[in-house]
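A closer look at the structure
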Amino acid sequence: MRNYFFSLHLRLKNRMIEKDIKQQNVDIRYLKMAKIWAENSYCKRRQVGALIVKDQMIISDGYNGTPSGFENICEDENNVTKPYVLHAEANAITKVAASNNNSKGATIYITSSPCIECAKLIIQAGIRRVVFSEKYHTEEGVSLLKRAGISVVLIE
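As a starting point, this report considers the structure included with it. (Residues numbered from 1 in each chain as written. Predicted model: local features only at pLDDT ≥ 70, side-chain atom pairs only at ≥ 80, totals over all residues. Heavy atoms only, no water.)

1. Points about the overall build of the chain
Looking only at helices and strands, the chain features 4 helices and 5 strands. Moving toward the C terminus, one meets the helices and strands of the chain in the order α-β-β-α-β-α-β-α-β. The principal-axis extent of the C-alpha atoms belonging to the chain is close to 75 × 35 × 30 Å. Split into buried and exposed, the 156 residues of the chain put 37% on the buried side. (Helix = DSSP H or I, 4+ residues; strand = E, 2+ residues; numbered from the N terminus. Buried < 20%, exposed > 50% of the residue type's maximum accessible area, 1.4 Å probe, protein only.)

Here it is, written out as structure tokens:
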């Protein structure tokens, strides 16, 4: 009887490991797609891309840039980002808000960890998981997401 439970435990553990590996492979592919999407940004200092995925479908995308109707110049003459430039996450979240989709329970894939302002938007949008590939210059956004119980994953 003891061997049966030990065998069952091992099989369950192996299934969990396989599931984790499968999820990590999916995460890597979506991060690659977000990186490609970031290439649409006209920003020179930093290009960031974001994808919102729900039920294995991309429901929204975004990259950092100026609002619709503005010139596609993100930096001023001193190479400082203009204050009205939208972050990739904000673009993706506002785009999904204007659609028939909703982001409750979704995952957002971002090429950079979110700032505190984008973290607040992510929380309010009902996104439950954040996957990113490089760290932002502050950890405030990630700390806030964790405090809100959102799963945060760094895949370098």
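2. Describing the packing of aromatic side chains
Using the criterion set out here, one finds 3 aromatic pairs in the structure. Here the aromatic rings of W37 and Y63 are separated by 6.2 Å at their centres, their planes lie at 65°, and the arrangement is edge-to-face. One end of the pair, W37, is in helix 1 (residues 2–38); the other, Y63, is in strand 2 (residues 57–63), and 26 residues separate them in sequence. Take W37: its relative accessible area is 31%, and that puts it in the partly exposed class. (Phe/Tyr/Trp six-rings, centres within 6.5 Å; stacked < 30°, edge-to-face > 60°.)

3. Thoughts on the nonpolar core
I52, I108, I110, I122, I127 and V130 are the most contacted members of the largest nonpolar core, which totals 20 residues. Breaking this core down by element, the ones donating at least two residues are strand 1 (49–54), helix 2 (88–97), strand 3 (107–110), helix 3 (116–124), strand 4 (129–132) and helix 4 (140–147). Element by element, the count of residues in this core is highest for helix 2, at 4 residues. Ignoring any residue separated from it by four or fewer positions in sequence, one finds I122 in contact with E89, I93, I108, I110, P114, I127, V130, L145 and I150. Ranked by size, the runner-up nonpolar core spans 8 residues in total, among them A34, L51, Y109 and V131. (Core = buried A, V, L, I, M, F, W, Y, C linked by side-chain atoms within 4.5 Å. Contact = heavy atoms within 4.5 Å.)

4. Structural notes on the state of the cysteines
The tally for this structure, following the rule as stated, stands at 1 disulfide. Covalently, C43 is tied to C74 through a disulfide, its sulfur atoms 2.3 Å apart. Here C43 and C74 share a disulfide; its torsion about the S-S bond, -75°, makes the bridge left-handed. In this pair, C43 sits in the loop between helix 1 and strand 1 while C74 sits in the loop between strand 2 and helix 2, placing the two residues 31 residues apart along the sequence. For C74, a relative accessible area of 1% gives the class buried. Here C115 is not disulfide-linked; the sulfur of C118 is the nearest cysteine sulfur, at 3.8 Å. (Disulfide = S-S within 2.5 Å.)

5. Structural notes on the packing of helix 3 against helix 4
Between helix 3 and helix 4, whose axes approach to 7 Å, the crossing angle comes to 25°. With respect to helix 4, the axis of helix 3 lies roughly parallel. Crossing of helix 3 against helix 4: the hand is right-handed. Facing helix 3, whose interface residues are I116, A119, K120, I122 and I123, helix 4 presents E140, G141, L144 and L145. When grouped by side-chain class, the residues that make up the contact of helix 3 with helix 4 number 6 nonpolar, 1 polar and 2 charged. (Axes fitted to C-alpha atoms, helices over the stretch in contact; angles between N-to-C directions. Parallel < 35°, antiparallel > 145°, perpendicular 65-115°, else oblique. Left-handed = near helix turned anticlockwise from the far one by under 90°. Nonpolar A, V, L, I, M, F, W, Y, C, P; charged D, E, K, R; others polar.)

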